[in-house]
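Residue-level structural notes
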Amino acid sequence: MSAILEARDLHYAYPGGIAALRHLNLSVTAGRKLAILGPNGAGKSTLLLHLNGSIRPDRGRVLMAGQPGDYSRRGLIGWRSRVALVLQDADDQIFAATVAEDVSFGPLNQGLPATEAAARVQMALAALGIEDLADRPTHMLSGGQKKRVAIAGAVAMRPEILLLDEPTAGLDRAGADQLIALLERLGQRGMTLVFSTHDIELAATLADEVALFDGGTVIAQDTAETVLGDADLLARAGLRPPMLIELWLGAQARGLIAPDAPPPRSAGALLTLLSPGVPRRAAG
Ligand SMILES: Nc1ncnc2c1ncn2[C@@H]1O[C@H](COP(=O)(O)OP(=O)(O)OP(=O)(O)O)[C@@H](O)[C@H]1O
Ligand SMILES: [Mg+2]
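Residues numbered from 1 in each chain as written. Chains lettered and ligands numbered in written order. Predicted model: local features only at pLDDT ≥ 70, side-chain atom pairs only at ≥ 80, totals over all residues.

1. Observations regarding the site of ligand 1
What counts, and what does not: Placing a C-beta atom from the backbone of each residue, we mark the residue near a molecule or strand if the atom is within 6 Å of it. Secondary structure elements are taken from DSSP: a helix is a run of H or I of four residues or more, a strand is a run of E of two residues or more, and numbering for both begins at the N terminus. Gly counts as polar in this scheme, as do all residues outside two lists: the nonpolar Ala, Val, Leu, Ile, Met, Phe, Trp, Tyr, Cys and Pro, and the charged Asp, Glu, Lys and Arg.
Taken together, 13 residues surround ligand 1, and among them Tyr14, Asn40, Lys44, Ser45 and Thr46 come closest. Here the shell around ligand 1 gets 3 residues from one element, more than from any other, and that element is helix 1 (residues 44-51). Along the lines of polarity and charge, the residues of the shell around ligand 1 split into 3 nonpolar, 9 polar and 1 charged.

2. Structural notes on the sheet that holds strand 2 (residues 19-29)
For the record, the criterion: Paired strands, as defined in this entry, are two strands with at least two bridges between them according to DSSP. Distance between backbone-placed C-beta atoms decides contact: two residues are in contact if it is within 7 Å. Fitting a line to C-alpha atoms yields each axis, with helices limited to the stretch in contact; the angle taken between N-to-C directions then spans 0 to 180 degrees.
On the basis of which strands lie adjacent, the open sheet formed by 4 strands has the order 2-1-4-5 and antiparallel pairing. Bordering the open sheet on either side are strand 2 and strand 5 (67-68), each of which pairs with just one other strand. Pairing geometry for strand 1 (residues 3-13) and strand 2, over 7 bridges, is antiparallel. Bridge pairing in strand 2 links alanine 7 to leucine 26. With respect to the sheet, helix 1 is in contact with strand 1, strand 2 and strand 4 (59-64), its orientation differing from that of strand 1 by roughly 125°.

3. Brief notes about the domain arrangement of the chain
Threshold: As annotated, the domain borders come from an automatic or database domain assignment.
According to the domain assignment, the chain contains domain 1 (3-239) and domain 2 (242-276). Using C-alpha coordinates to define each centre, domain 1 is positioned 32 Å away from domain 2. Where the side of domain 1 that touches domain 2 is concerned, the elements lending two or more residues are helix 7 (200-206) and helix 8 (224-228). If one sorts the elements of the side of domain 1 that touches domain 2 by residue count, helix 7 sits on top with 3 residues. Residue composition of the side of domain 1 that touches domain 2, grouped by class: 4 nonpolar, 1 polar and 2 charged.

What follows is the structure, encoded as structure tokens:
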């Protein structure tokens, strides 16, 4: 499988600060959804800022489709048009006076004609369920509304790779579910997604792969099933398996389901495994 974006042995310390990233290796596979999972202060945001060239590493490098990142002005414009980043704090991202203006900033900056940019804005606002906010002044929005505007701005650029820093933080349940459904759709259309989170349930719902983060480095990167099912590994990052996986592991330990049954992705799938009549031991 081809790595569309890679971090190789990254090291970075903020000016005057302690090392935020060290010996960090990460590989983003085209067309997949990767969760950067780890506790507060682990270095998730710092890594995402490296992946679109906003921060240049002290050592190591970032590769785009095998090519070293180009930090020249022109290089960065091209890089950020292919790799869009939604920042953790929407206030750091939103600058224009109105929502529609803010969301049109990226497409116009990409050189699209005004009519095409306007169509992109319409589509992005609809995708985030905020068409009614189009003419609203951006300083008169709630935190969750701002977050959606920031995501709409990135989606409107139609990047190859969309980086999202804590995408569901601050969203209510309906807003989070709507966003997850949108990200699933974007993934199905071939967009590569990388999102940071400390929310293991979000990783379990959305991710194909998980990079587990602790102390400024990736301590494991594998399929979501493998990482989220490994309680000892998760404990090293101060995390516990998702509730569904804990129930599945507990049911296996008690012999209620076959030891080689695959991890369930939903409560319904777990209940099916636990239903009477489902063989508890694998044949053979
Ligand atoms: N602007 C900054 N200046 C100095 N140190 C910083 C700065 N931003 C972050 N750090 C430090 O770098 C380390 C990594 O921070 P980072 O924001 O990348 O973590 P994170 O995993 O995104 O955390 P969170 O889950 O809280 O968002 C932390 O030790 C943090 O204190
Ligand atoms: Mg962060």
